[in-house]
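Structural description and commentary
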Amino acid sequence: MNRSEARTADGWRGFDRWATWIIPLAVTIPGLFFWMKGTTSGAAGCCSAGAPPAAAIAVPTPVVSPPAAPSVTPPVVAAAPTVASPTVDCGTIMNGVTVGFAVNRATLTDAGKRALDQTIVCLKEGKYEVAGHTDADGDAASNQQLSEARARTAVRYLVSQNVAAEKLQSAGFGETKPIADNGSVAGKAQNRRITFRTM
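In this text, all values refer to a predicted model and were calculated from it rather than measured experimentally.

**Remarks on the overall build of the protein**
Helix and strand content of the protein: 5 helices and 3 strands. Its helices and strands taken in sequence order, the protein reads α-α-α-β-α-β-α-β from the N to the C terminus. Counting all 199 residues of the protein, 24% fall into the buried class. Of the accessible surface of the protein, which amounts to about 14400 Å², a share of 63% is contributed by carbon and sulfur atoms.

Encoded structure:
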């Protein structure tokens, strides 16, 4: 065996010594690497899969109430006083109502209209004679005509206040039916009147 062959044989013997532990190591290291990778991913998968999800923390929504409307107290309004309707004595009214007319004329005064307004409630049923009367001042013929004119004026006013015209008939008696002394001012005032008689 020449020297080159001897070196080659010695070299292979040295290589054999290195190969006995390098080759297993070269095979083991990648296997160890893949084994560690699998273990780590498996552990992560285990823990992440088995761990319960974190509970959601409920954050309460703040409740904002609208501002309260200011309290307004309504003003106290005093009730209107109750005015009692005047009691009308129809029996007295039918016997005679002093109705104001202009002096020596058949024109109603405001007081005369108010006096006739009181009689309307008494004229709801039936038919009535509306008669005019005068005092004894002046001549009898003039007083007769004046009493008739005043009776017609009273009827027209009552009809304007919704008393049916067919229920009323005017008449005049002048100074022929006095109810008081024509010698006194108070007596004359009582004799100047309008009377109502059921027909």
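So, next bit.
**Observations regarding the state of the cysteines**
Counted by the stated rule, this structure contains 1 disulfide. A sulfur-sulfur distance of 2.0 Å marks the disulfide that ties Cys-90 to Cys-122. Here Cys-90 and Cys-122 share a disulfide; its torsion about the S-S bond, -85°, makes the bridge left-handed. Placement of Cys-90 in helix H2 (residues 90-95) and of Cys-122 in the loop between helix H3 (110-119) and strand E1 (128-133) is noted, with a sequence separation of 32 residues between them.

**Concerning the packing of H3 against helix H4 (residues 140-160)**
Look at H3 against H4: their axes get within 10 Å of each other, and the N-to-C directions meet at 65°. At the point where H3 passes H4, the crossing takes the right-handed sense. Residue-level inspection shows Lys-113, Leu-116, Asp-117 and Thr-119 of H3 in contact with H4, the latter providing Ala-154, Tyr-157 and Leu-158. Split by residue class, the contact of H3 with H4 holds 4 nonpolar, 1 polar and 2 charged.

**What about the pattern of salt bridges?**
Taken as a whole, this structure holds 3 salt bridges when the rule is applied. Across the pair Arg-192 and Asp-135 runs a salt bridge whose closest N-O atoms are separated by 2.6 Å. You can see Arg-192 sitting in the loop between helix H5 (185-191) and strand E3 (193-198) and its partner Asp-135 sitting in the loop between E1 and H4, a full 57 residues away along the chain. Residue Arg-192 is classed as partly exposed on the basis of its relative accessible area of 34%. In this structure, the salt-bridge partner of Asp-137 is Lys-188, at a minimum N-O distance of 3.0 Å. Taken together, the residues span a long stretch of sequence, with Asp-137 in the loop between E1 and H4 and Lys-188 in helix H5 at a distance of 51 residues.

**Concerning unusual backbone geometry**
Unlike most non-glycine residues, Asn-162 shows phi in positive territory, near 75°. Positionally, Asn-162 belongs in the loop between H4 and strand E2 (168-172).

**Comments concerning H3**
Along H3, the positions that sit buried rather than exposed are Gly-112, Ala-115, Leu-116 and Thr-119. What you see down the axis of H3 is that its buried residues fit within an arc of 95°, all on one side. Every exposed residue of H3 that faces more than 90 degrees away from the buried side is listed here: Asp-110 and Arg-114. On its buried face, H3 is in contact with H2, H4 and E3.

**Focus on the nonpolar core**
Membership of the largest hydrophobic core comes to 21 residues, with the highest contact counts inside it found for Val-99, Leu-116, Leu-123, Leu-158, Leu-168 and Phe-196. Looking at this core, the elements that each hand over two or more residues are H2, H3, E1, H4 and E3. Non-local contacts of Phe-196, meaning those with residues more than four positions away in its chain, are made with Ile-93, Met-94, Val-97, Leu-116, Thr-119, Leu-123, Glu-129, Val-130 and Leu-158.

**Brief notes about the sheet that holds E3**
The strand order E2-E1-E3 describes an open sheet built from 3 strands, whose pairing is mixed. Single-partner strands in this sheet number two, and they are E2 and E3. Neighbour-to-neighbour, the strand axes of this sheet turn through a mean angle of 25°, independent of strand direction. In the sheet, E1 pairs with E3 via 6 bridges, with the strands oriented antiparallel. Looking at E3, one finds that Tyr-128 is bridged to Thr-198. In this fold H4 packs onto E1, E2 and E3, with an angle of close to 160° to the strand it touches most, E2.

**A word on the side chain of Thr-153**
Within the fold, Thr-153 resides in helix H4. Within the structure, Thr-153 has its side chain in polar contact with the backbone oxygen of Ala-106 (distance 3.0 Å). The residues touching Thr-153, leaving out its near neighbours within four places in the chain, are Phe-101, Ala-106 and Leu-108.

Conventions used here
- Residues numbered from 1 in each chain as written.
- Predicted model: local features only at pLDDT ≥ 70, side-chain atom pairs only at ≥ 80, totals over all residues.
- Heavy atoms only, no water.
- Helix = DSSP H or I, 4+ residues; strand = E, 2+ residues; numbered from the N terminus.
- Buried < 20%, exposed > 50% of the residue type's maximum accessible area, 1.4 Å probe, protein only.
- Areas by Shrake-Rupley, 256 points an atom, 1.4 Å probe, with all protein chains shown as cover.
- Disulfide = S-S within 2.5 Å.
- Axes fitted to C-alpha atoms, helices over the stretch in contact; angles between N-to-C directions.
- Left-handed = near helix turned anticlockwise from the far one by under 90°.
- Contact = heavy atoms within 4.5 Å.
- Nonpolar A, V, L, I, M, F, W, Y, C, P; charged D, E, K, R; others polar.
- Salt bridge = Lys/Arg side-chain N within 4 Å of Asp/Glu carboxyl O.
- Arc of directions from axis to C-beta.
- Core = buried A, V, L, I, M, F, W, Y, C linked by side-chain atoms within 4.5 Å.
- Pairing = 2+ DSSP bridges.
- Polar contact = N/O pair within 3.5 Å; in protein donor to acceptor, adjacent residues only side chain to side chain.

Such coordinate-based values are descriptive only and should not be taken to indicate function.
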